[in-house]
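Coordinates in review
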Amino acid sequence: MTRLLATAALLAAGTALPVLAQTAPLPAPVPPVAAQKPHQVKAPFGATRNDEYYWLRDDTRKNPEMLAHLKAENAYADAVLAAEKPLADKVYGEIVGHIKQDDSSVPYLKRGYYYYTRFAAGADYPIVARRKASLEAPEEVILDQPAMAKDHSFFQIAGRAVSPDNRLLAYTIDTVGRRQYVLQVKNLATGETFADSIPNVEGGVAWAGDNRTIFYLEKDPVTLLSKRVKAHVLGTPAAADRLIYEEKDDTYYMSVGRTTDDRYVCIYLHSTVSDEQRCAPAANPAGFAVVAPRERDFLYQADHLGDRWIVRTNWQAPNYRLMTAGDAHLAHGRAAWKDLVPASGDTFIEDFKPFNGFLAVEERAEGNKKLRILVPGAKPFPVAADEPAYTMALGTNEEPGSEWLRYTYDSLVTPTTTYEVNYKTGERRVLKVQPVPGYDPAKYVTERVWATARDGTRVPVSLVRAKGLAKDGTAALFQYAYGSYGYSTDPAFSPMLPSLLDRGMVYAIAHIRGGQEMGRKWFDQGKVLNKKNSFTDFIDVTRFLVDQGYAAKGRVAAMGGSAGGLLMGGIANMAPQDYRVIVAQVPFVDVVTTMLDTSIPLTTGEFDEWGNPAEKRYYDYMLGYSPYDNVAARAYPAMYVSTGLWDSQVQYYEPAKWVARLRARKTDANPLVFRINMEAGHGGKSGRFERYRQQAEYLGFVMDRLGVAK
């Protein structure tokens, strides 16, 4: 008998109901307390700092005490978030409800085959397939990723390349989340996976013209940096693979690829302030020639089509220019390069794609990424856009003989739209608008506003809100930024946005210094000894939006991840009163200790981004903003922090130590939640829908704090 029926029966019988004792409220969850164990971190010039939570670092990830602490943090997070789980589940349902379950990509043509991916309804991973010559031809499944992922808690294919004769597929796979990929090869005619299997490689691969040789990048097993380019011949042992190139300088990252015309295999070497490219004929890659020798503050990338090289470079051009050199002149060095697209003071050239009849240029101006088409003997024409804040990007263009340029268009209101534009006629046609079930873009409006930072710099801000939402200073604001490595955060549609906007929230992207939205100078003004500009820009954008009535003071949420998590740690220390809640995903927060330790992946390659704290001037500056070092006895906002145990980019122990120190020192009673994914790395769990689970969790946490939970 249910409780309701039992009560009805007692009343019908005239029986007096018992007096129920009041239930005492459940005790609040108690956060875990990490042990403090003194540990001295020393700098080469003699400075020392105590790091009482250093013991949480375990590179083997097997320390029972450390693992027990992380599990206790997850249990505490479960307890704190239990009351908000119905809201999180509702938000998750809304987000995935805006995703077309059985979606597929726009097919592209390469060497006679149309390639595409398609999702089955409810599937986390797509099937990769192709059709020969026509979209009406029978489908050939290249990779059945749902079947491949079935027995793995994490699954990712990072790179794939079909051999020049279209018969074989080389691909790299990770089933841990550590980005230590395994190279495998599949016969596309028979479906056989070859015995050739090479572990601990980088994601990208490239074929030689013989259809037997694969170029790949071997990683250092400790630092996880790509160190050597090797050539593997199918059917031979990996131990016999030929060493092509070894990079001695850990500040350089490497990749391999083919030029647009497929004539050359190239090794690309890149650091923050220097590039070098080495190329060899794909038909006979016996020796790799340097396109231009490395030099500090000299950046470039070269592509080849027809009988010439096209080079994007910052040589005497901070915002880059495009130059060209004929095959016969390349060996003469950059003195033989000729201007193709001159440098501009206000337009930053970000990328390019050569075709037989024209050149497509991807560039930035006034905070927007746009495209321009250059035709020999004709006036260049820009590709049109209809919104104040948007982003265009070069699409997949594998056929240089085509008259059509494929590109994508996005905004915070407009879902990803794939277009083609004809370089001869200017005709534009829509290939696909990303379906978003239940979404009506007419209900929302996007804007580009400019906030003035404390030093007078104008900072672009992209924002979106429900049409008709009053600018009366009462709305809740969700503000995002990244602001490092010259990575630009473009305004693009996300299926999470309707869940925010339909609850009366404003969503804003602060294009702060440290990115490259406003050109190379924007990046330079937000790194090394100018890094604090990133933090103050973000704070000043928040205050501007509040002052202008877009949001209410006290109803502001902030979010950033990785280096954007450093940003979150910085603003938490510098302006905690401006934020009601902060979300810091896989945050880089222990800057000085990490950058002093060259055994950690990425450290030495980032001295030109952050500075080398082995030198006192950088040490002192970094110490002035390092989130972990500046935790103090003060009130902090509510915080949601996340990490992955197997993260190779920002090691799990950085946020673990930061959270432990925050718990010990903060004076407020606001919740501090630390969510650790025990089976994933920097990008979180794999799979199409898994990331939305965590997104819904932190959005529920945010909404509850901002008073929009419904």
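Criteria and thresholds
Residues numbered from 1 in each chain as written. Predicted model: local features only at pLDDT ≥ 70, side-chain atom pairs only at ≥ 80, totals over all residues. Heavy atoms only, no water. Helix = DSSP H or I, 4+ residues; strand = E, 2+ residues; numbered from the N terminus. Rg over C-alpha atoms; globule rule 2.2 N^0.38 Å. Buried < 20%, exposed > 50% of the residue type's maximum accessible area, 1.4 Å probe, protein only. Contact = heavy atoms within 4.5 Å. Lys, Arg positive; Asp, Glu negative; His and termini not counted. Charge placed at Lys NZ, Arg CZ, Asp CG, Glu CD. Core = buried A, V, L, I, M, F, W, Y, C linked by side-chain atoms within 4.5 Å. Pairing = 2+ DSSP bridges. Axes fitted to C-alpha atoms, helices over the stretch in contact; angles between N-to-C directions. Disulfide = S-S within 2.5 Å. pLDDT = per-residue confidence, 0-100. Phe/Tyr/Trp six-rings, centres within 6.5 Å; stacked < 30°, edge-to-face > 60°.

So, about the overall build of the protein. Per the secondary structure count, the protein includes 13 helices and 37 strands. What you see for the protein is a C-alpha radius of gyration of 27 Å, in line with the 27 Å of a compact globule of 710 residues. In terms of overall dimensions, the protein has C-alpha extents of about 100 × 70 × 55 Å along its principal axes. Each of the 710 residues in the protein was classed as buried or not, and the buried ones make up 58%. For the protein, the proportion of contacts with a sequence separation of at least 24, taken over those separated by at least 6, is 57%. A distance of 2 Å separates the average location of the 84 positive side-chain charges in the protein from that of its 82 negative side-chain charges.

So, about the nonpolar core. General note: in soluble globular proteins, nonpolar side chains tend to be found buried as a group. Residues F478, Y507, F538, L545, I571, W658 and L699 are the most contacted members of the largest nonpolar core, which totals 121 residues. With eight residues, helix α13 (residues 690-706) is the single largest residue contributor to this core. Non-local contacts of L699, meaning those with residues more than four positions away in its chain, are made with V91, I95, F478, M496 and L500.

With that settled, consider the sheet that holds strand β12 (residues 226-233). The strand order β7-β8-β9-β10-β11-β12-β13 describes an open sheet built from seven strands, whose pairing is antiparallel. Only two strands of the sheet have a single neighbouring strand rather than two, namely β7 (156-162) and β13 (242-246). Looking at each pair of strands side by side, their axes are set apart by 35° on average, direction ignored. With six bridges joining them, β7 and strand β8 (residues 168-174) adopt antiparallel strand pairing. Looking at β8, one finds that G159 is bridged to T172.

So, about the state of the cysteines. Under the counting rule described, the total for this entry stands at one disulfide. Here C266 pairs with C279 through a disulfide, and the sulfurs are 2.1 Å apart. With the S-S dihedral at roughly 110°, the linkage between C266 and C279 falls on the right-handed side. Here the residue C266 occupies a position in strand β15 (residues 264-270), and C279 occupies one in strand β16 (residues 275-281), the gap between them amounting to 13 residues.

Below, the discussion takes up the confidence of the model for the protein. Looking at the protein as a whole, the pLDDT averages 92, with 95% of positions reaching at least 70. Residue range residues 1-22 is modelled with pLDDT below 50. Its contacts to residues more than four positions away, or to other chains, number five contacts.

The next subject is helix α11 (residues 616-625). Along α11, the residues that are buried comprise Y618, Y619, Y621, M622 and Y625. Tucked into the core, α11 has its buried residues touching β2 (48-50), α7 (532-547), α8 (563-574), α9 (591-596) and α10 (607-610).

Burial analysis of β15 places five of its seven residues in the buried class, which makes it a mostly covered element. Pairing geometry for strand β14 (residues 253-258) and β15, over six bridges, is antiparallel. Counted as the bridge partner of G257 is C266 from β15. Following β14, the chain reverses through five residues before pairing antiparallel with β15; D262 in that reversal takes a positive phi of roughly 65°. Taken together, the seven bridges between β15 and β16 define a ladder with antiparallel strand orientation. Counterpart to H270 in the pairing with β16 is D275. Between β15 and the antiparallel strand that follows it, β16, lie four residues.

We now examine the packing of aromatic side chains. A complete count under the given rule lists 28 aromatic pairs for this structure. Ring geometry for Y108 against Y115: centres 5.8 Å apart, planes inclined by 25°, an arrangement best described as stacked. Plain terms: the ring middles of Y652 and Y653 are 5.3 Å apart, the flat faces sit at 80° to each other, and that makes the pair edge-to-face. For the pair Y652 and Y653, a shared accessibility class is recorded, and that class is buried.

Another point: the environment of R212. Among the secondary structure elements, R212 is positioned in the loop between β10 (193-207) and β11 (213-219). Filtering out sequence-adjacent residues up to four positions away, R212 remains in contact with W207, H232, V233 and L234.

Relative to β10, strand β9 (residues 181-187) runs antiparallel, the two sharing four bridges. In the strand pairing of β10, Y181 is matched with V201. Linking β9 to β10, which pair antiparallel, is a turn of five residues; within it G191 sits at a positive phi near 85°. As paired elements, β10 and β11 share four bridges and run antiparallel to each other.

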